[in-house]
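Notes for the structure review
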Amino acid sequence: MTDSKYFTTTKKGEIFELKAELNSDKKEKKKEAVKKVIASMTVGKDVSALFPDVVNCMQTDNLELKKLVYLYLMNYAKSQPDMAIMAVNTFVKDCEDPNPLIRALAVRTMGCIRVDKITEYLCEPLRKCLKDEDPYVRKTAAVCVAKLHDINAQLVEDQGFLDTLKDLISDSNPMVVANAVAALSEIAESHPSSNLLDLNPQSINKLLTALNECTEWGQIFILDCLANYTPKDDREAQSICERVTPRLSHANSAVVLSAVKVLMKFMEMLSKDLDYYGTLLKKLAPPLVTLLSAEPELQYVALRNINLIVQKRPEILKHEMKVFFVKYNDPIYVKLEKLDIMIRLASQANIAQVLAELKEYATEVDVDFVRKAVRAIGRCAIKVEQSAERCVSTLLDLIQTKVNYVVQEAIVVIKDIFRKYPNKYESVIATLCENLDSLDEPEARAAMIWIVGEYAERIDNADELLESFLEGFHDESTQVQLQLLTGIVKLFLKKPTETQELVQQVLSLATQDSDNPDLRDRGYIYWRLLSTDPVAAKEVVLAEKPLISEETDLIEPTLLDELICYIGTLASVYHKPPSAFVEGGRGVVHKSLPPRTASSESAESPETAPAGAPPGEQPDVIPAQGDLLGDLLNLDLGPPVSGPPLTTSSVQMGAVDLLGGGLDSLIGGTNFVAPPTAAVPASLGAPIGSGLSDLFDLTSGVGTLSGSYVAPKAVWLPAMKAKGLEISGTFTRQVGSISMDLQLTNKALQVMTDFAIQFNRNSFGLAPAAPLQVHAPLSPNQTVEISLPLSTVGSVMKMEPLNNLQVAVKNNIDVFYFSTLYPLHILFVEDGKMDRQMFLATWKDIPNENEAQFQIRDCPLNAEAVSSKLQSSNIFTVAKRNVEGQDMLYQSLKLTNGIWVLAELRIQPGNPSCMLSLKCRAPEVSQHVYQAYETILKN
């Protein structure tokens, strides 16, 4: 009979019966009873009342019974810690049992019981088991160290278990080595600063030897550990690659991906001229292709990883296009991923094949997939110039099908093709205009409006077409409204005489009848431009547009390098670094690929395209961080210019004029009606420097602020906790001196006198520089404001968190204690601007693992405004440059204790989020510096 019978009983009074059976003399009856107890526990019944009776059954030689009792113990030890202590002696005894299975079982169970009282008793048995003669016991004990470290890290360090664990890496048994590596990696992840896995060529050699004989999970642990090692030169990298390559033919896909990760990382150090490099590329393709014959879920994970690999090194799979063709029974998530990779691998050699395939997909029944297929045809046209002609005719064929969603997607991608190849395919506009009435999706409508506005001079009835959209202006989505506004202004600048009414109508709809701030602002700017200087308006609105790059959806190179280090993990499926989705971010280390060694650099000049694509094909994306810093030296090293650089004269002239005339000054005889005064702030026409007029001050950033940012006062000590004394305060820094601005309020019924203040030791030595002076007694309901000067020469003790300040305030009634967090920017000193050469040398000198990256959201300021705002709080911009439309600010600051922090701030115009990278020799400061940036920029 099977064990299912134990789950079927639901009798009342069962606990008493079980109690009697557990204390029976017959072994079989005991075993049956324990099985019933475990069954009840499994279905969620509370059988904790039987704890002492079950523990008594531990004294047995029967391995099956022992396992059951240990299972019960693990479950209930937490809720009954005092009872669990009773079992300790049996554990200790079992750890010396002649049977290695029982010894391992005992140490495994003790590691799973997360009760502090028991942990102390575990140390001796664990020490013995780590040195046990049986490898099964040693491998179990190695994992137990990691579990124990999670419960009580200090205890593990004090008992010297970490050193024993390091010794196990040299063990003769490969499974013990694998478990020791797994345990050390686990511990190292929660303590990134500790250098536990101190890998050197000797220990790497031992790991590689064990690799061949491990179980598959053991191999994964060892490969992941190898991936964290940086070889000293390309010869060592090649030797490791040679020994890891056989893992590519393993049956387990996780082992294959871990091996691919190691090879992708170490290939970075090999010169492309080596014969071995070419061999390795050839060896990497078959295992990746094999992964695609697994079940769909595994295929998806493999495809997400292949997507990263193809972006880094497209040459690996350039001949394998056919395996990414979609099968009719693939799930949609696999289809979309394959489609993406097909585009990435598309080249002149295979484009005909790809286009034929995509055209086929566009007639499928799955709407989502068809949309993506049509988009893919457009991406091919942009990527492979020679195919553009063929792509456009394919898209026109699809438009002729008159299938609504196909037509809409085709129009969206044709807009991008026009942007990439101006004056080439405009003959198709007539066909597009025929389908105007069928468009109902915002993106397609916006694309069509853009095409009509951009090519208004070639479309006879452009004004009628745009007017048809204007009829339901308020029902359109924001995207369409903005595009319509710009489109009609373009039309007006190209055909001013015929479209004055139309432009007046759209400006009035956008500014007076709309409650969307983006739309209103754009409307006012156009209105002001048109009414003040139509020439400037023409130069702004009809300016040359930059060509769109080959692939706008490439992952940014520094992020791609980091994700390559996470192949085979969740990060490679999400395409996000772990810090973006691991809660709390504790223990998340930023990884990066190893630098190319000297011998491989000689083969490849630094100016060549990044590894992975032939020089002519590499898409333009933002260069990696390293390149940017190298180029800092090429910046002009003269004194920094205080204002922003001047633009071309005509536009500059227009910008100045904008501020000169009010809204009613009309130029060039266009009978234009000024926007109603009610809708425009009165001060718009005011002279420069007055409040809101700076909204239109196109020549300057944001006015400079004096003094660093001061947070509003917060209540630090509420009256109910301090016998009627309420203390509010904030911290300020002005001209080099720090002060604590306090507000004391007496909410008691008696007078308060004899005030004094004292600080506990803190991380930066903050201390009062003068006594707390309250000159007159504080009467009931009276408030007094005091500024207490602070110095940074007090006693220092590292606090948790770092900016915690514990304060004691005394008066005639009592002594009161409170703690508060001070903002770190009050400690940024005035001489924190580093010389540019010094900045570059220091950045390179600080190790990469000390770099922390953060995202600052909702910060819509431009680079000038950001730089000026930060400078007022002593964060100095050392250098600034623009790369691919992104503004990069390189900044330095210095804390009162002499610690320098270097920063790189990436600002994408139009994107309200910016990326902040911080490097510092004391990385624990970074989080607080990031908070300071956020506070300053958002206030």
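For clarity, every value in this text was computed on a predicted model and none was experimentally measured. (Residues numbered from 1 in each chain as written. Predicted model: local features only at pLDDT ≥ 70, side-chain atom pairs only at ≥ 80, totals over all residues. Heavy atoms only, no water.)

**Quick look at the overall build of the chain**
As a reminder, the rule being used: Put simply, DSSP H or I for four residues or longer makes a helix, DSSP E for two residues or longer makes a strand, and each gets a number counted from the N terminus. We call a residue buried when its accessible area falls under 20% of the maximum for its residue type, exposed when it is over 50%, and partly exposed in between, using a 1.4 Å probe and counting protein chains only. Should any heavy atoms of two residues lie within 4.5 Å, those residues are counted as being in contact. We get accessible surface area from the Shrake-Rupley algorithm with a probe of 1.4 Å; when it comes to residues, only the shown protein chains can shield them.
Looking only at helices and strands, one finds 38 helices and 13 strands in the chain. Burial status across the chain gives 51% buried among its 939 residues. Restricting the contact set of the chain to residue pairs at least 6 apart, pairs at least 24 apart contribute 67%. Approximately 43600 Å² of the chain is accessible, and the part contributed by carbon and sulfur atoms is 52%.

**Examining the confidence of the model for the chain**
We count it as follows: A residue's pLDDT is simply how confident the predictor is in it, with values from 0 to 100.
In the predicted model, the chain carries a mean pLDDT of 80, and 85% of its residues have values of at least 70. Segment residues 598-706: pLDDT under 50, and 152 contacts once partners within four positions in sequence are set aside and those in other chains are kept.

**A few points about the packing of aromatic side chains**
The cut-off we apply is this: Ring geometry is summarised as follows: Phe, Tyr and Trp rings, the Trp one being its six-membered ring, pair when their centres sit within 6.5 Å, and such pairs are stacked at plane angles under 30 degrees, edge-to-face over 60 and tilted between the two. The rule is short: NZ of Lys or CZ of Arg within 6 Å of the ring centre and within 35 degrees of the ring normal puts a charge over the ring.
Using the criterion set out here, one finds eleven aromatic pairs in the structure. Aromatic side chains tyrosine 361 and phenylalanine 369 sit 5.2 Å apart centroid to centroid with 40 degrees between the ring planes, which places their arrangement in the tilted category. For the pair phenylalanine 854 and tyrosine 930, a centre-to-centre distance of 4.5 Å together with 5 degrees between the ring planes defines the contact as stacked. With phenylalanine 854 in strand 9 (residues 851-856) and tyrosine 930 in helix 38 (residues 926-938), this pair connects stretches of sequence that are 76 residues apart. Grouping aromatic residues by their ring pairs yields a cluster made of Trp716, Phe731, Phe818 and Tyr822. In this structure, lysine 335 packs its charged tip against the face of phenylalanine 369, placed 5.1 Å from the ring centre.

**Side note on the sheet that holds strand 4 (residues 756-759)**
This is how it is decided: A pair of strands counts as paired when DSSP detects no fewer than two bridges linking them. In this analysis, axes come from line fits to C-alpha atoms, helices being fitted only over the stretch in contact, and the angle between any two N-to-C directions falls in the range 0 to 180 degrees.
Judged by pairing direction, the sheet is antiparallel, and its three strands sit side by side in the order 4-7-8 without closing on themselves. Two strands lie at the open edges of the sheet, namely strand 4 and strand 8 (815-821), each paired on one side alone. Each strand axis lies, on average, 25 degrees off the axis of its neighbour in the sheet, ignoring direction. Of the pairings in the sheet, the one linking strand 7 (residues 804-810) to strand 8 comprises seven bridges and is antiparallel in character. Bridge pairing links valine 809 to phenylalanine 816 in strand 8.

**What about the packing of helix 7 (residues 100-112) against helix 9 (residues 135-151)?**
Test applied: By definition in this entry, angles of less than 35 degrees are roughly parallel, angles greater than 145 are roughly antiparallel, angles of 65 to 115 are roughly perpendicular, and the rest are oblique. Nonpolar residues are Ala, Val, Leu, Ile, Met, Phe, Trp, Tyr, Cys and Pro. Charged residues are Asp, Glu, Lys and Arg, and all others, Gly as well, are polar.
Orientation of helix 7 relative to helix 9, taken along the N-to-C sense of each, is 10 degrees, at an axis distance of 8 Å. Judged by the angle between their axes, helix 7 and helix 9 are roughly parallel. Each of Pro100, Leu101, Arg103, Ala104, Val107, Arg108, Gly111 and Cys112 in helix 7 lies in contact with helix 9, whose residues at this interface are Tyr136, Val137, Thr140, Ala141, Cys144, Lys147 and Ile151. Per-class residue counts for the contact of helix 7 with helix 9 are ten nonpolar, two polar and three charged.

**Overview of the sheet that holds strand 1 (residues 714-717)**
Taken in spatial order, the five strands line up as 1-2-3-6-5 in an open sheet, and their pairing is antiparallel. Each having just a single partner strand, strand 1 and strand 5 (767-768) make up the two edges of the open sheet. Of the strand pairs in this sheet, strand 1 and strand 2 (residues 725-734) are connected by three bridges, and their pairing is antiparallel. Across the sheet, the residue bridging to leucine 717 is isoleucine 727, located in strand 2.

**Topic: the nonpolar core**
As a reminder, the rule being used: Side-chain atoms within 4.5 Å link the members of a nonpolar core, which is a set of buried Ala, Val, Leu, Ile, Met, Phe, Trp, Tyr and Cys residues.
Counting residues in each nonpolar core, the largest one holds 212 residues, and the members touching the most others are Tyr72, Leu358 and Phe418. Here this core gets ten residues from one element, more than from any other, and that element is helix 16 (residues 253-267). Setting aside residues no more than four positions away along its own chain, leucine 358 makes contact with Leu339, Met342, Ile343, Ala373, Ala376, Ile377 and Cys380. Membership of the second largest hydrophobic core comes to 62 residues, among which are Leu824, Ile826, Cys859 and Ala932.

**Some thoughts on the pattern of salt bridges**
Any two side chains of opposite charge can pair if their charged atoms end up close together. In plain terms, the rule: In the sections that follow, a salt bridge refers to a side-chain nitrogen of Lys or Arg positioned within 4 Å of a carboxyl oxygen of Asp or Glu.
In the structure shown here, the tally under the stated rule is 36 salt bridges. Put simply, glutamate 268 and arginine 313 hold a salt bridge, and the shortest N to O gap is 2.8 Å. Taken together, the positions of glutamate 268 in the loop between helix 16 and helix 17 (275-291) and arginine 313 in the loop between helix 18 (296-312) and helix 19 (332-345) put the pair 45 residues apart, joining distant regions of the chain. For lysine 713, the salt bridge is made with glutamate 785, and the minimal N-O distance between the two is 3.6 Å. Here glutamate 785 lies in strand 6 (residues 783-791) and lysine 713 lies in the loop between helix 35 (649-660) and strand 1, a separation of 72 residues in the sequence. A relative accessible area of 37% places lysine 713 in the partly exposed class. Members of the salt-bridge network, linked through shared partners, are Arg371, Arg375, Glu409, Glu441 and Glu443.

**Things to note about the side chain of asparagine 307**
Topologically, asparagine 307 is positioned in helix 18. Contact partners of asparagine 307, with chain neighbours within four places excluded, come to Glu337, Asp340, Ile341, Arg344 and His575.

**What to know about a negative patch on the surface**
We apply this condition: Candidates for patches are residues over 30% relative accessible area with no salt bridge; among them, like charges are joined within 9 Å and nonpolar side chains (Val, Leu, Ile, Met, Phe, Trp, Tyr) within 5 Å. Charge counting treats Lys and Arg as positive and Asp and Glu as negative, with His and both chain ends excluded. Charge positions are represented by NZ for Lys, CZ for Arg, CG for Asp and CD for Glu.
A cluster of acidic side chains, namely Glu464, Glu467, Glu471 and Glu501, defines a negative patch on the protein surface. The exposure class assigned to glutamate 464 is exposed, which follows from its relative accessible area of 52%.

**Things to note about the environment of asparagine 811**
Note the threshold: For the purposes of these results, a polar contact is taken to be a pair of N or O atoms within 3.5 Å, where, inside protein, one atom must be able to donate a hydrogen and its partner to accept one; residues adjacent in sequence count only when each atom of the pair is a side-chain atom.
With respect to the secondary-structure elements, asparagine 811 resides in the loop between strand 7 and strand 8. For the pair asparagine 811 and isoleucine 757, spaced 54 residues apart in the sequence, the C-alpha separation amounts to 9.1 Å. Beyond its immediate chain neighbours, meaning those up to four positions away, asparagine 811 contacts Leu725, Met752, Thr753, Asp754, Phe755 and Phe816. Among the polar contacts made by the side chain of asparagine 811, one reaches the main-chain amide nitrogen of isoleucine 813 at a distance of 2.9 Å.

**A look at helix 19**
Convention followed: Between the first and last residue of a helix there are one fewer steps than residues, each counted as 1.5 Å, and that sum is the expected span.
If you check helix 19, its first and last C-alpha atoms are 20 Å apart, about what 14 residues at 1.5 Å a residue would give, namely 20 Å. Taking burial as the measure, the 14 residues of helix 19 include eleven buried ones, the bulk of the element. For helix 19, the full list of buried residues reads Val334, Lys335, Glu337, Lys338, Leu339, Asp340, Ile341, Met342, Ile343, Arg344 and Leu345. Residues of helix 19 that are buried make contact with helix 18, helix 20 (351-361) and helix 21 (367-383).

**Re the environment of threonine 753**
Summarising the element assignment, threonine 753 is placed in the loop between strand 3 (737-746) and strand 4. The residues touching threonine 753, leaving out its near neighbours within four places in the chain, are Pro777, Asn811 and Asn812.

**Quick look at helix 2 (residues 27-42)**
Over its 16 residues, helix 2 extends 23 Å from the first C-alpha to the last, a length consistent with the 22 Å expected when each residue adds 1.5 Å. Positive backbone phi, approximately 95 degrees, marks glycine 44, located one or two places after helix 2.

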